[in-house]
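If you want the building blocks of each chain, they are given just below.
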Amino acid sequence: MSSTLLETTRASHEEVERLERLIVKEFQNDPTSSKDRLLQSHRVRNMIDTIVSTSHKLVDIYEDKDQARKDEIAALGGQTASGTNVFSAFYDRLKEIREYHRRHPAARVVDVDEQYEALLKEEPVIEFTGEEAHGKYLDLHELYNQYINAKFGMPRNDKKESEDSHIEYSTYLNLFSQPQKIDRKLKLTMQYREYTQNLLEYLVYFFQRTEPLQDLDKIFSKVVTEFEEQWKDGKVPGWGGGQENGPVPAQDTSIDLDYYTTVEELMQVGLEKLKEALASLGLKTGGTLQQRAERLFLTKHTPLEKLEKKHFAKGSRLPVQNGAAALKENINSKEVALMEAKVIKLCTLLSETIERTKENVEKKQALTYEEMESERQEEEMQAESESDDDDQQIYNPLKLPMGWDGKPIPYWLYKLHGLGQEFKCEICGNYSYWGRRAYERHFKEFRHQHGMRCLNIPNTKNFNEITSIEEAKELWKRIQARQGINKWRPDLEEEYEDKEGNIYNKKTFTDLQRQGLI
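Just so you know, these numbers come straight off a predicted model, no measurement behind them.

Should their charged atoms come close, side chains of opposite charge can pair. Applying the stated criterion across every chain, the model contains 18 salt bridges. The salt bridge involving R193 is made with E335; its shortest N-O contact spans 2.4 Å. Of the two residues, R193 is situated in helix α8 (residues 190-210) and E335 in helix α13 (residues 323-349); the sequence distance between them amounts to 142 residues. For R193, a relative accessible area of 22% corresponds to the partly exposed category. Note on E335: relative accessible area 35%, which makes it partly exposed. A salt bridge links E440 to R436; its shortest N-O distance comes to 2.9 Å. Remark: R436 and E440 occur in helix α17 (residues 436-441); sequence separation between them is four residues, near one turn of the helix. Take E440: its relative accessible area is 42%, and that puts it in the partly exposed class.

So, in structure tokens, the structure goes:
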């Protein structure tokens, strides 16, 4: 029956409105644990995605590029090629409805509310590793292995260390959010680019799983805007260095030639370091120790552009012809720097999770495997017991009152306070009070005071222990009669004095004043 375009439009609007109400109802429920909060966020995220996709469909319908909506509205008005006939359009539609119910006589009405209410009870499937513990911690072990096996992950100390020495995982958790501390020349390698890209992808994926309601595109757009300004001014951390952002200059090698005055002094550096320095400049790396030193020493006083071609390695681009390569390297540097900026922003947003991960790793280092397993089981059992306490029905056959913890009070306490005695108050609408203490306290409560006001009787101490309406009225009459003998009569007993000092009661003074005699 919803084959028409207008019916599809109406159903889409109804679906959007129902989902909006469900989101409001979902947020009215306060989750009891972090896992429940995560599931709630993902349910809301799924509803928002459905609203967005349905809204896009509605926009396409209203744009009406194929004129289908316009034709359907015209058909409803009875507009045909031969003219306007409203009745024929009406009876055609009536015939269509009757034909539908004739073909489907057993069609039942589907309760849409139940279908949408089921969305509040579903548990979205969120994939987490065991190390992540439902989003409580980060799992960076693969990235850690990639980091320590790369050149940029080697320890950079003044003391000479062996290649087998690596930083620990706990130390890596302090370093991965600080890419600006890595040497700039090491960031231009393909290995570092792949590592940064993998790190960014993992942090984005983790953030989307743990914070599904955050708008990551909006966050990254702001990061890109700030990065463009810093890159233009050369103030990007780890990429500025007082010079224009771009590729590392040719003279920036691991050997500073200013410290060497002769080729013999340069030969003391060694074959490997000379080879690395020549390779970074695009020069030939072969030959003896003296030939390598002489070739590198030429660059101290002669620019690379003026060196003969025979000194350059085969297939290397000369500095004169290297403009396009420099531009490409500058673009690559900018891309890597932008990925670093996004990583730093995500680390700022996930700072609490990173701190929890550090604490968890330090705690693990002090525990055995059996202790960690027992602690994990205790946490799971505690979470299950909390959920069971909320869900299970409380066994209370004696119908004892509930205590402060939401459980029935002990039976001995029930007997001690006499909570089995019932006291009814007719003034309170025959409301029952259990126990002497509750009965005595109710005379000062709103329910009893409201009942006394309805009887036009003041709720004073005289009416304590009075619960019958007739007794209260009778007592009030006796009090009024007794007050009538000693009642204060202002007309006769209130005194007034005129200018001459004569004393009158209120009634006489008022009469004389009206006559103008005073």
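A few words now on the pairing of strand β2 (residues 431-434). The sheet contact formed by strand β1 (residues 422-425) and β2 spans four bridges and is antiparallel. From the neighbouring strand, F423 faces β2, where its bridge partner is Y433. In sequence, β1 turns back onto β2 through a hairpin of five residues, with G429 there showing a positive phi of about 80°.

On to the packing of aromatic side chains. What the rule picks out here adds up to 17 aromatic pairs. Ring geometry for Y147 against F152: centres 5.8 Å apart, planes inclined by 70°, an arrangement best described as edge-to-face. By the burial criterion, Y147 is buried, and F152 matches it. One aromatic cluster in this structure is built from Y144, Y147, F152, Y169, Y172, F176, Y192 and Y195. The lysine or arginine in question, R209, covers the ring of Y205, its NZ or CZ lying 4.0 Å from the ring centre. Over the ring of F220 we find K342; its NZ or CZ atom is 5.1 Å from the centre of that ring.

Mapped onto this structure's residue numbering, the UniProt feature "domain: Matrin-type" (unreviewed entry) falls at residues 423-454. Each end of residues 423-454 is marked by a C-alpha atom, and these two atoms are 21 Å apart; helix forms 47% of the span and strand 22%.

Bringing the nonpolar core into the picture now. Counting residues in hydrophobic clusters, the biggest one holds 45 residues, and the most contacted among them are L140, Y172, F176, Y195, L199 and L203. Going through the elements one at a time, α2 (34-63), α6 (141-148), α7 (169-175), α8, α9 (216-233), α13 and α14 (351-365) are the ones with two or more residues in this core. For this core, the leading source of residues is α8, giving nine residues. Counting residues in hydrophobic clusters, the runner-up holds 15 residues, among them I255, L257, L278 and F312.

Helical periodicity: at 3.6 residues per turn, an α-helix aligns residues three or four positions apart in one direction. Buried within α6 we find L143, Y144, Y147 and I148. Seen from one end, α6 has its buried residues packed into an arc of 130°, which puts them on one side. Where the residues of α6 are buried, they touch α7 and α8.

If you check the backbone angles, A133 has positive phi at about 50° while not being a glycine. As for its placement among the helices and strands, A133 is situated in the loop between α5 (112-117) and α6. With a phi close to 55°, H134 is a non-glycine residue in the positive phi region. As for its placement among the helices and strands, H134 is situated in the loop between α5 and α6.

The subject of this paragraph is a nonpolar patch on the surface. Together, V86, F87, F90 and Y91 make up an exposed nonpolar region whose accessible area comes to about 480 Å². V86 gets classed as partly exposed once you look at its relative accessible area, which sits at 46%.

This paragraph deals with the side chain of E340. Structurally, E340 is set in helix α13. Apart from the residues within four sequence positions on either side, E340 is in contact with P179, K187, Y192, T196 and W239.

With that settled, consider the environment of H141. Position of H141 relative to the elements: it lies in helix α6. Given a relative accessible area of 32%, H141 falls into the partly exposed group. Along the primary structure H141 and E131 are separated by 10 residues, whereas in three dimensions their C-alpha atoms are 9.5 Å apart. Only 2.9 Å separates the side chain of H141 from the side chain of D139, close enough to count as a polar contact.

A cluster of acidic residues, E426, E470, E471 and E474, forms a negative patch on the protein surface. For E471, a relative accessible area of 43% gives the class partly exposed.

A few words now on the confidence of the model for the chain. A residue-level look at the chain finds 84% of positions with pLDDT of 70 or above and a mean pLDDT of 80. Within the model, pLDDT remains below 50 along residues 320-325, and this stretch shows three contacts once partners closer than five positions in the same chain are excluded.

Conventions we followed
Residues numbered from 1 in each chain as written. Predicted model: local features only at pLDDT ≥ 70, side-chain atom pairs only at ≥ 80, totals over all residues. Heavy atoms only, no water. Salt bridge = Lys/Arg side-chain N within 4 Å of Asp/Glu carboxyl O. Helix = DSSP H or I, 4+ residues; strand = E, 2+ residues; numbered from the N terminus. Buried < 20%, exposed > 50% of the residue type's maximum accessible area, 1.4 Å probe, protein only. Pairing = 2+ DSSP bridges. Phe/Tyr/Trp six-rings, centres within 6.5 Å; stacked < 30°, edge-to-face > 60°. Lys NZ or Arg CZ within 6 Å of the ring centre and 35° of its normal. UniProt positions renumbered as here; feature names shortened; annotations may be inferred. Core = buried A, V, L, I, M, F, W, Y, C linked by side-chain atoms within 4.5 Å. Arc of directions from axis to C-beta. Contact = heavy atoms within 4.5 Å. Patch = residues over 30% accessible without salt bridge, like charges linked within 9 Å, V, L, I, M, F, W, Y side chains within 5 Å. Areas by Shrake-Rupley, 256 points an atom, 1.4 Å probe, with all protein chains shown as cover. Polar contact = N/O pair within 3.5 Å; in protein donor to acceptor, adjacent residues only side chain to side chain. Lys, Arg positive; Asp, Glu negative; His and termini not counted. Charge placed at Lys NZ, Arg CZ, Asp CG, Glu CD. pLDDT = per-residue confidence, 0-100.

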